[in-house]
Amino acid sequence: MLDLSIAVRFLRASLVQSILIAVGIAIGIGVQVFLGSLIMGLQEDLIDQTIGHRSQVTVLPGEGAESLRYTDAVKSAIAAEKEIVTQVPVREFSAILKVGETTRPLRFTGGSVNELEPIYALGERAVSGTPSLTGHEIVLGKDLADELQLSPGDTVTLVLPDGTDFKVTMTAVVDLGSAAANSAVGFASATMGAGALDLEDDEYTAVETQVDKVFDSVAIAENLAADDALADLTVTEWQSENQDLLAALQAQSSSSYTIQFFVLLAVALGIASTLAISAAQKTRQIGILKAMGMRDRQAGRIFLWQAAILGLAGAGAGVLVGVILIVGFSSQSADFSFAPKVGFTALSFVIGVGVALLSSLIPSRRTSRVDPIEVIQGG
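This section reports on the structure supplied with the text. Residue positions are given per chain, counting from 1 as you read along its sequence in written order. Per-residue local features are limited, in this predicted model, to residues with pLDDT of at least 70; the limit for side-chain atom pairs, both in listing and counting, is 80 or more; totals at the level of whole chains, interfaces and linings are taken over all residues. Hydrogens and water molecules were not included; the side-chain quantities draw on all heavy atoms of the structure.

### Focus on the side chain of T205
1) Next: Helix and strand assignments follow DSSP, with helices taken as H or I runs no shorter than four residues and strands as E runs no shorter than two, numbered in order from the N terminus. Mapped onto the secondary structure, T205 falls in the loop between β10 (203-204) and β11 (206-211).
2) Next: We call a residue buried when its accessible area falls under 20% of the maximum for its residue type, exposed when it is over 50%, and partly exposed in between, using a 1.4 Å probe and counting protein chains only. Take T205: its relative accessible area is 12%, and that puts it in the buried class.
3) Next: Identification of polar contacts relies on pairs of N or O atoms within 3.5 Å, with a donor-acceptor requirement for protein atoms, meaning one able to donate a hydrogen and the other able to accept it, and with residues adjacent in sequence counted only if both atoms are side-chain atoms. Of the polar contacts made by the side chain of T205, one reaches the backbone nitrogen of E92; its length is 2.8 Å.
4) Next: Contacts are residue-level and defined by heavy atoms, with any inter-residue pair within 4.5 Å sufficient. When sequence neighbours within four positions are dropped, the list of residues in contact with T205 reads L60, P61, E66, L68, V90, R91, E92, L197 and L199.

### Quick word on the layout of surface pockets
1) Next: Method remark: on a 1 Å grid restricted to protein atoms, a set of points is classed as a cavity if a 1.4 Å probe fits but cannot get out and as a pocket if it is open with protein on both sides within 12 Å along at least five of seven lines; lining residues have an atom within 4 Å of a point. Grid points are joined across faces, edges and corners, and a volume is the space filled by probe spheres set on the points. In this structure, the largest pocket occupies an estimated 650 Å³ of space.
2) Next: Around the largest pocket, the lining is made up of 29 residues, and of these T50, H53, R54, S55 and Y120 lie nearest the centre.
3) Next: Broken down by secondary-structure element, the contributors of at least two residues to the lining of the largest pocket are α2 (15-52), β1 (57-60), β4 (102-110), β9 (185-188), β11 and β12 (234-237).
4) Next: Asp, Glu, Lys and Arg are counted as charged, while Ala, Val, Leu, Ile, Met, Phe, Trp, Tyr, Cys and Pro are counted as nonpolar; the rest, among them Gly, fall into the polar class. Taken together, the residues that form the lining of the largest pocket break down as 10 nonpolar, 12 polar and seven charged.

### Details of the pairing of β4
1) Next: Note on pairing: DSSP must find at least two bridges between two strands before they are called paired. Of the strand pairs in this sheet, strand β3 (residues 84-99) and β4 are connected by nine bridges, and their pairing is antiparallel. For S94, the partnering residue across the bridge sits in β4 and is R107.
2) Next: With antiparallel pairing between neighbouring strands as the criterion, β3 and β4 make up a hairpin whose turn holds two residues, including G100 at a positive phi of roughly 65°.
3) Next: As judged from the four bridges shared by β4 and β9, these two strands associate in the parallel manner. Among the inter-strand pairings, F108 is bridged to a residue of β9, identified as G186.

### Structural notes on the packing of α2 against helix α13 (residues 342-359)
1) Next: Angles run from 0 to 180 degrees between N-to-C directions of axes, and those axes are lines fitted to C-alpha atoms, restricted for helices to the stretch in contact. Remark: α2 packs on α13, axes separated minimally by 10 Å, with the N-to-C direction vectors making an angle of 150°. By the angle between their axes, α2 is roughly antiparallel relative to α13. Handedness of the α2/α13 crossing: right-handed. Each of I29, Q32, V33, G36, S37 and M40 in α2 lies in contact with α13, whose residues at this interface are F344, T345, S348, I351 and G352.
2) Next: In terms of residue class, the contact of α2 with α13 is made up of five nonpolar, six polar and no charged. Roughly parallel refers to an angle under 35 degrees, roughly antiparallel to one over 145, roughly perpendicular to one between 65 and 115, and oblique to any angle outside these ranges. Throughout, a crossing is termed right-handed when the near helix is turned clockwise from the far one, and left-handed when it is turned anticlockwise from it by less than a right angle.

In structure tokens:
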């Protein structure tokens, strides 16, 4: 193709200029890949820490009720929602932990280890001991255990709201990811929860669930609330209870998009201005080529080909730069690491090439309008 061959020659004739344009594109796309992956990694980490190991859609007793009956109909209605990956009936109760003369109020979640594991990952988060919740066994958070100098196997006293007390054995210490949870949350057996709340075998205080995509929780909760089997129950989801977190995530995303937009705008302006200068410099050559029979569209495509070559080379190098930055940053951070997002990286590459092509439109149209006679007469 003649226009492609001429475009390559023009790039070679101004090799330093061409390399600088490609480097500018590479830096812009590299920053975009790195920044976008960093923001998404931070958001995923934040979401995982805050709601990854907790109920994302919760079925609660109806208004005025203190418990719900976990019937086959309720269980089937929840299971029918395909986005829900696990459901766990729990019995939550308050108690006072007493060690010697020291007392601490706690909020216990009652259930079996196997049922609680998909949501709370007690086995994975255990820092000492092996989680077990049978009979009078409990699991406590790391900060509280450290404060009271408790170790797995120690026996402590629980005092219920009605004043009754009994001895329990701590089987494990877990790190729940936050100081507040580690100091105020504990886990007990479902039997202990039933006794503390005076509940029957099929009565629970909540059914906790986790969903496949956490940001689909609103739609899932609405679907469950509309189910006749759950008509007398209350359905809540994590987004309505974490407005501050959502606002922070949205602000973070907005700032990322703004930075990326201006990076790409700078890249586009750099390419457009450089190609415009190149078009002005090559006006005589273009005029001669058109006088020899080159069509207007072919003349315009010369700079389109130049932009495509520079865009492909620069965007490809930019993706590589972004990946190197990500690997380097992750290797230097012991507490946080993230990986390139394949979809976002591919999109960044396409955007880089697209921006380069759009930047060629002005010099391309200007060149296609060159009058060969005026150019030749003008010397």
